[in-house]
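# Descriptive structure summary
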Amino acid sequence: MPANLPAEAQKALAKYQAARTPREKIRALEEALSLIPAHKGTEKLRGRLRRRIAELRREEERRAAARSGRRDHFTVPREGHAQVAIIGAANSGKSSILRALTNAKPLIASYPFSTPKPTPGMLLHQGYEIQLVEVPAILTEDLEETQFTGRGLGLAKNADALMIVLDGANRPLTQLSRIIELLDEVGVSIKPRRAEVRVEKKDSGGIRLVVFGNLKAGYGEIEELLRSIGIRNAVVKVYGDAELDDIEEAVLREVMVKKAVIVLNKADLADPETVKTLERFLGEHGIPFTVVSAEKMTGLESLRDRILESLQLIRVYTQKNGVVANEPIVVRKGTTVRELAEIIHREIAEKMRYARVWGRSVKLQGQQVGPDHRLEDGDIVEIHT
Ligand SMILES: Nc1nc2c(ncn2[C@@H]2O[C@H](COP(=O)(O)OP(=O)(O)OP(=O)(O)O)[C@@H](O)[C@H]2O)c(=O)[nH]1
Ligand SMILES: [Mg+2]
């Protein structure tokens, strides 16, 4: 971020922060762009602003298309411990996988678009209940967008994780890159981040930093960056190894990182060289990959494991008056004591003073911990109000 942007450009960026609709956002960004002089120091920021404008334009087009067509959204009531959206091109074998892994009996057919509605099924694995939802094809077999693309991506965005099914017999590499592009356009990235940055805007209090990990940027730089795009009061939470760039991206792009398992289906028909290429590429990016044949029922056990791993679920047990609950509460790994309290009851979260924890997340059993303490699988938690 350049040291001093013209005041007018800063004002335009502040407008962007406050904007609600894609159109307002585009207008504010275009204004900012026109007010930021082009030189080496502003190159990166200008590039980001342009990219964001392009994304917003596509979002707007898609919204317009959805408005002129049917109005309904795709929603599936969540059941079980987590929801995983199965997405992919037409005929890739989404229904076949859903049928192989769950109690659902979806139609499997050799013609495309045989699933016109989101279709759920429950996968039971290692004591966890995972809802899989087949999303109607977001790409045709020729990898063009479909009437379901917008709504399908909307459903995917709301899921806890994604299963991306590639048709091993139909240019799987191209399929994957098209799907990654589509996700990117709606602000979803499937690449694991070395850092996660959350910027929570506030009404007062200036810029406060909360770092869980390593931040390679000074307080002054961050304050200046946020100020230059119109944020004066915020709590910036940094998890992992972050640089100033990561913070800039977090405030401008609003990218959501989603866990995804890539599944190459129809292994029986796939070219082994292509499979190897995919394996190498995904390995480099740390994205889980597995090869199955839904028809021959191969690779399914490993797929079940990958899905469960991607969700990073843990079981924690509450304790009250010395009695441990029989049933665990299933939450995501890294959930804090405060978040657990919120899941139990809002009031408990508000009144909590501290908690005692037994299990893997503490050194001393029965240790007293604060609300930001992160829980591990099997922990027992006693909340004190
Ligand atoms: N050879 C082979 N064919 C498969 C495999 N899995 C699915 N198929 C076939 O691929 C076709 C499409 O399967 P579906 O499961 O209906 O695919 P889908 O992705 O749900 O399709 P849409 O819902 O129409 O987008 C069917 O003819 C299946 O029999 C596989 O592992 N190997
Ligand atoms: Mg189907």
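Read on for a plain summary of the structure. Bear in mind the structure is a predicted one, so any value in this text is a computation, not a measurement. Throughout this description, residue numbers start from 1 for each chain and increase along the sequence as written. Lettering for chains starts from A, numbering for ligands starts from 1, and both go in the order in which the items are written. Residues qualify for local features only when their pLDDT is at least 70, as the model is predicted, and side-chain atom pairs are given and counted only at 80 or more; totals for whole chains, interfaces and linings, by contrast, use all residues. To obtain the side-chain values, all non-hydrogen atoms of the structure were used and water was disregarded.

## Digging into the coordination of the magnesium ion (ligand 2)
Condition: Each metal site lists N, O and S donors within 2.8 Å (3.2 Å for Na, K and Ca). With water left out of the atoms, a site can look as if it is missing ligands. Numbering of helices and strands runs from the N terminus, with a helix taken as a DSSP run of H or I at least four residues long and a strand as a DSSP run of E at least two residues long. Relative accessibility thresholds used throughout: buried, under 20% of the residue-type maximum; exposed, over 50%; partly exposed, between the two (1.4 Å probe, protein chains only).
The coordination sphere of the magnesium ion (ligand 2), as far as protein atoms go, consists of Ser-95 (OG), Thr-115 (OG1) and Glu-134 (OE), spread over 2.1 to 2.2 Å. Mapping the donors of the magnesium ion (ligand 2) onto the primary sequence yields the spacing S-x19-T-x18-E. Of the two residues, Ser-95 is situated in helix H4 (residues 94-101) and Thr-115 in the loop between H4 and strand E2 (119-125); the sequence distance between them amounts to 20 residues. For the pair shown, Ser-95 and Thr-115 are each scored as buried.

## Some remarks on the sheet that holds strand E8 (residues 234-243)
Note: strands within a sheet are paired through backbone hydrogen bonds, in either parallel or antiparallel orientation. Note the threshold: A strand pair is defined by DSSP finding two or more bridges across the two strands. A fitted line through C-alpha atoms represents every axis, and for helices the fit uses only the stretch in contact; the resulting angles, taken between N-to-C directions, go from 0 to 180 degrees. Working rule for contacts: check all heavy atoms of both residues, and any pair within 4.5 Å makes them a contact.
Taken together, the 3 strands give an open sheet; going across it, the order is E6-E8-E7, and neighbouring strands pair in mixed fashion. Strand pairing shows two members of the sheet lacking a second neighbour, strand E6 (195-201) and strand E7 (207-216), which therefore form its edges. Going across the sheet, the axis of each strand differs from the next one's by a mean of 10 degrees, ignoring polarity. Examined bridge by bridge, E6 and E8 share 7 bridges and lie antiparallel to one another. The residue of E8 that forms the bridge with Ala-195 is Gly-240. Sheet contacts for helix H7 (residues 219-228): E7 and E8; angle to E7, the most-contacted strand, approximately 125 degrees.

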